[in-house]
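Descriptive analysis of the structure
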Amino acid sequence: METIWFALAAGMLATYVVMDGFDFGAGALHLLVARTDSERRQVLAAIGPFWDGNEVWLLAAGGVLFLAFPAVLASGLSGFYLAIFLVLWTLILRGIAIEFRSHLEDRLWRSFWDATFAVASTLAPVLFGAALGNLLRGVPLTPEGWFALPLFESFSPTGELGILDWYTVLVGVFALVAILHHGALFLAWRTDGPVRERSLDAAGRLFPAVAALWLLASFATARLAPQMLANLAARPLAWAATALFVGGLCTSLLARRAGRDLAAFIGSALFLFGLLGATAATLYPTMLRASTVAPSLTAQNSSAAAHSLRVALLWWPVGLLLAIAYYFVLFRLHRGKAQAAAEGEGY
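Here's what I pulled together on the structure shown here. Since this is a predicted model, take the numbers as computed values, not measurements.

Some points on helix α11 (residues 236-257)
Between the first and last C-alpha of α11 there are 32 Å, a value that for 22 residues agrees with the 32 Å anticipated at 1.5 Å per step. Those residues of α11 that fall on the buried side of the exposure criterion are Ala238, Ala241, Thr242, Phe245, Gly248, Leu249, Ser252, Leu253, Ala255 and Arg256. Tucked into the core, α11 has its buried residues touching α8 (166-190), α9 (193-224), α10 (226-234) and α12 (261-283). In the stretch just after α11, glycine 259 is the one whose phi turns positive, near 80°.

Digging into the nonpolar core
Membership of the largest hydrophobic core comes to 99 residues, with the highest contact counts inside it found for Trp5, Phe69, Leu141, Phe174, Phe186 and Phe271. Ranked by residues supplied to this core, first place goes to helix α1 (residues 2-33) with 14 residues. Excluding residues within four positions of it along the chain, tryptophan 5 makes contact with Val64, Leu67, Ala68, Phe69, Leu309, Ala312, Leu313 and Trp316.

A look at the packing of aromatic side chains
Each aromatic ring pair is summarised here by two numbers: the centre-to-centre distance and the angle between the ring planes. Going through the model one piece at a time under the given rule, you end up with 23 aromatic pairs. Aromatic pair phenylalanine 24 and phenylalanine 128: ring centres 6.5 Å apart, planes at 55°, arrangement tilted. On the criterion of sequence distance, the pair formed by phenylalanine 24 in helix α1 and phenylalanine 128 in helix α7 (residues 107-137) is long-range, its members being 104 residues apart. Residue classification places phenylalanine 24 among the buried positions, given a relative accessible area of 4%. Ring centres of tryptophan 109 and tryptophan 113 lie 5.9 Å apart, and the angle between their planes is 70°; on these two criteria the pair is classed as edge-to-face. Taken as a pair, tryptophan 109 and tryptophan 113 lie in helix α7 at a separation of four residues, close to a single helical turn. The class for tryptophan 109 is partly exposed, based on a relative accessible area of 28%. Tryptophan 113 gets classed as buried once you look at its relative accessible area, which sits at 12%.

Description of the packing of α9 against α10
The geometry of a pair of packed helices is captured by two quantities: the angle between their axes and the separation between those axes. Look at α9 against α10: their axes get within 4 Å of each other, and the N-to-C directions meet at 105°. Viewed along their axes, α9 and α10 adopt a mutual orientation that is roughly perpendicular. Within the contact between the two elements, α9 uses Thr221, Ala222, Arg223 and Leu224 and α10 uses Pro226, Met228 and Leu229. The residue inventory of the contact of α9 with α10, partitioned by class, reads five nonpolar, one polar and one charged.

Some details on the environment of glycine 159
Mapped onto the secondary structure, glycine 159 falls in the loop between α7 and α8. Considered as a pair, glycine 159 and arginine 310 are 151 residues apart in the sequence and their alpha carbons are 42 Å apart.

Procedures and definitions
- Residues numbered from 1 in each chain as written.
- Predicted model: local features only at pLDDT ≥ 70, side-chain atom pairs only at ≥ 80, totals over all residues.
- Heavy atoms only, no water.
- Helix = DSSP H or I, 4+ residues; strand = E, 2+ residues; numbered from the N terminus.
- Expected span 1.5 Å × (residues − 1).
- Buried < 20%, exposed > 50% of the residue type's maximum accessible area, 1.4 Å probe, protein only.
- Contact = heavy atoms within 4.5 Å.
- Core = buried A, V, L, I, M, F, W, Y, C linked by side-chain atoms within 4.5 Å.
- Phe/Tyr/Trp six-rings, centres within 6.5 Å; stacked < 30°, edge-to-face > 60°.
- Axes fitted to C-alpha atoms, helices over the stretch in contact; angles between N-to-C directions.
- Parallel < 35°, antiparallel > 145°, perpendicular 65-115°, else oblique.
- Nonpolar A, V, L, I, M, F, W, Y, C, P; charged D, E, K, R; others polar.

Written as structure tokens, this is what we have:
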């Protein structure tokens with residue numbers, strides 16, 4: 001049962017990255033690909049029906065951890081206390097910026113909220129990526145399973161640890177570039193005119209950076225966590241996920257060059273989902289890796305009672321089917337190219 005719930009938690013986190021990732025990327029890029037007020041409202045119209053619903057996947061992943069792995073959630077919330085508040089501020093500011101920017105027909109007001117939206121959308125992927133880097137590098141767990149980290153210390157992943165060091169910053173930058181590429185392909189699919197052309201150009205410029213940073217981050221991870229490389233070689237599921245993300249990355253390139261915008265976006269989604277899936281498969285059963293001699297928190301030693309996991313598994317498919325139906329209807333209702341709403345309406 002612990003293995004099933006580990007996979008469910010990883011799957012929902014990966015889904016969150018894919019779904020909320022495109023509007024993070026669109027928000028971080030929108031000052032570059034949208035030059036006029038009408039074009040920026042077109043970007044907001046493209047992500048407007050989806051962005052708040054996408055965040056539900058993050059809440060669902062947190063709910064799974066609360067239900068199935070409460071010790072991991074408790075330790076992570078206390079250890080990453082400062083980082084979690086920074087993430088919350090980026091999510092809050094992003095939502096406020098989207099909702100507030102068109103309340104006044106004033107250039108200064110809208111420019112302020114546009115800048116806030118771009119900054120919040122840029123910082124969030126970096127913070128999420130740095131959090132993943134901490135999980136891969138390890139945290140200083142005590143024998144009781146607790147830890148506390150400052151924002152930065154020695155800036156070395158092998159010295160005095162902080163949330164930020166050169167490795168976690170590298171993973172954060174890679175996450176940002178991958179999300180920017182994902183968002184650019186989403187805008188190319190969902191918009192037309194100058195915004196689409198600039199988004200395609202941005203995706204073309206970002207693709208080499210995504211590939212290069214993926215290789216660099218993978219090499220650094222293999223040096224810091226060699227057990228993950230050994231697990232990759234021994235686990236068929238990890239190989240399948242690896243094939244998925246490599247195929248997705250290639251699809252995003254070839255489809256974009258062929259002018260198939262939706263296929264390119266789906267390829268990027270498969271890249272992100274497969275990459276996180278391969279990471280989870282090579283980490284299993286570790287959930288919070290210890291950088292000390294204390295034992296790591298794993299799916300086995302930090303799970304809830306087996307009876308609770310079995311009962312919850314009966315209800316989880318119901319929620320999943322409702323979420324799939326919701327997204328099917330949402331994308332069906334808002335199919336086609338997004339257009340800026342008339343002044344005073346929509347975003």
